[in-house]
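# Understanding the architecture of this molecule
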Amino acid sequence: MTVKVYTLSDLHIDYQENWSLLLALSYQQYHDSALIIPGDVTDNVHKLQELFAHLCQVFAEVFFVPGNHELWVRKNSHRDSLAKLDHILSVCHQMGVHTTAQKLGEGDEAVWVVPLFSWYTKADEGQDTLFRSKPGNDQTEQLWVDNRCCDFSALAPNTRVVDYFLAMNEPHLRRKYDAPVISFSHFLPLQQLIFPIGFIDGLPPLWRDPMPQFNFTRVAGSTLINEQIKTLGSTIHVYGHQHRNRYRTVDNVTYISHCLAYPRERRYSNLDAQDAPKLIWHNGPVKSDHPN
């Protein structure tokens, strides 16, 4: 049995251009394949259901974890972000969209796909933050919509949001896997994935910061995600959130980000082949000739 796994993150279907690109995906091309969606599709649950209904007709299997956009609570649609999370997971279950570990294929061609729920650790929340200081920081994070639209007031006192989400993955971490593992999360597991190759210790002199008033590393992810990846023994880890394409191998794990992102971003950034899912597994890892 041929096992093919594709990924595409940060679909942002509230943009009509993105919605149209996804509606154009062909059943003939993908009917025997799985699709991994690492979050940030829409904060509108009805639109999310519409997209899932379409993708479940195009792909044999669909995998999903929510991003931060899915957990925005606006117009009193849900009591809080955790109630909305429960609703989204219920929708996924009813529609056959996988949010738990599943084995694809058999024998030597098999692979496990393992969703990891995640969040980010802010600069002042712990040593697992991916924060790195830079000139022009927005110290108040005024631009970050999560501060206005996410409501985690239902969490127990002194519980970090990142710890709540990572604890949801414990059942996956305790089990044994009899085939290679592809894991995926919305948020980033390593600081070095944020930056272009070679620039972790300093950005190039002519590099222009597209948003000097905001520091993305404040809300990028957590090193605790990477600890879970290592516990799983993942061969590949897929992530989203940053709206930058990446393909890098670090300590025997290949980290992949392939995103649709916002239409305007596709016109100026490195989002090559941005209008189609990326094939990452075809009876084994699909290598990239151009790590980035």
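Here is a short report on the structure shown in this document. (Residues numbered from 1 in each chain as written. Predicted model: local features only at pLDDT ≥ 70, side-chain atom pairs only at ≥ 80, totals over all residues. Heavy atoms only, no water.)

## Some words on the overall build of the chain
Assigned secondary structure in the chain consists of nine helices and ten strands. Taken over 292 residues, the chain has a buried fraction of 54%. Within the chain, counting contacts between residues at least 6 apart in sequence, those at least 24 apart form 79% of the total. As presented, the chain carries roughly 13,500 Å² of accessible surface, and 49% of it is formed by carbon and sulfur atoms. (Helix = DSSP H or I, 4+ residues; strand = E, 2+ residues; numbered from the N terminus. Buried < 20%, exposed > 50% of the residue type's maximum accessible area, 1.4 Å probe, protein only. Contact = heavy atoms within 4.5 Å. Areas by Shrake-Rupley, 256 points an atom, 1.4 Å probe, with all protein chains shown as cover.)

## Notes on the nonpolar core
Counting residues in each nonpolar core, the largest one holds 69 residues, and the members touching the most others are Leu11, Ile37, Phe59, Phe64, Trp119 and Phe152. When residues no more than four places from it in sequence are discounted, the contact partners of leucine 11 are Asn18, Leu22, Ile37, Gly39, Asp40, Val41, Leu51 and Leu260. (Core = buried A, V, L, I, M, F, W, Y, C linked by side-chain atoms within 4.5 Å.)

## Let's talk about the sheet that holds strand E10 (residues 278-282)
Strand order in the open sheet made by the four strands is E3-E2-E1-E10, with mixed pairing throughout. Since the sheet does not close on itself, it has two edges, and those belong to strand E3 (61-64) and E10, each with one partner. Shown here is a sheet whose adjacent strand axes are inclined to one another by a mean of 25 degrees, direction ignored. Sheet topology places strand E1 (residues 4-7) next to E10; four bridges connect them, and they run antiparallel. From the neighbouring strand, tyrosine 6 faces E10, where its bridge partner is leucine 279. Relative to the sheet, helix H3 (residues 45-58) contacts strand E2 (33-37) and E3, its axis offset from that of E3 by approximately 145 degrees. (Pairing = 2+ DSSP bridges. Axes fitted to C-alpha atoms, helices over the stretch in contact; angles between N-to-C directions.)

## Considerations on helix H1 (residues 16-23)
All buried positions along H1 are accounted for by Asn18, Trp19 and Leu22. For H1, the buried positions fall inside an angular range of 100 degrees around the axis, keeping them on one side. Buried positions along H1 lie against H3 and helix H9 (263-266). (Arc of directions from axis to C-beta.)

## Things to note about the pairing of E3
In this structure, E2 lies alongside E3, joined through four bridges in parallel fashion. Across the sheet, alanine 34 pairs through a bridge with glutamate 61, a residue of E3. Where the polypeptide runs from E2 across H3 and back to E3, its parallel neighbour, the crossover connection is right-handed. (Right-handed = clockwise from strand over helix to strand, strands pointing away.)

## Observations regarding the pattern of salt bridges
All chains considered together, the criterion is met by eight salt bridges. Among the ionic pairs, lysine 47 bridges to aspartate 14, the shortest N-O distance being 3.1 Å. Residue lysine 47 is found in helix H3, and its partner aspartate 14 is found in the loop between E1 and H1; the two are separated by 33 residues along the sequence. Assessed through its relative accessible area of 30%, lysine 47 is described here as partly exposed. With a shortest N-O distance of 2.8 Å, glutamate 17 and arginine 266 are connected by a salt bridge. Residue glutamate 17 is found in helix H1, and its partner arginine 266 is found in helix H9; the two are separated by 249 residues along the sequence. Owing to a relative accessible area of 38%, glutamate 17 belongs among the partly exposed residues under this scheme. (Salt bridge = Lys/Arg side-chain N within 4 Å of Asp/Glu carboxyl O.)

## Things to note about unusual backbone geometry
One non-glycine residue, aspartate 40, lies in positive phi territory at about 60 degrees. Among the secondary structure elements, aspartate 40 is positioned in the loop between E2 and H3. According to the relative accessible area criterion, aspartate 40 is buried, its value standing at 2%. For histidine 243, which is not a glycine, the phi torsion comes out positive at approximately 60 degrees.

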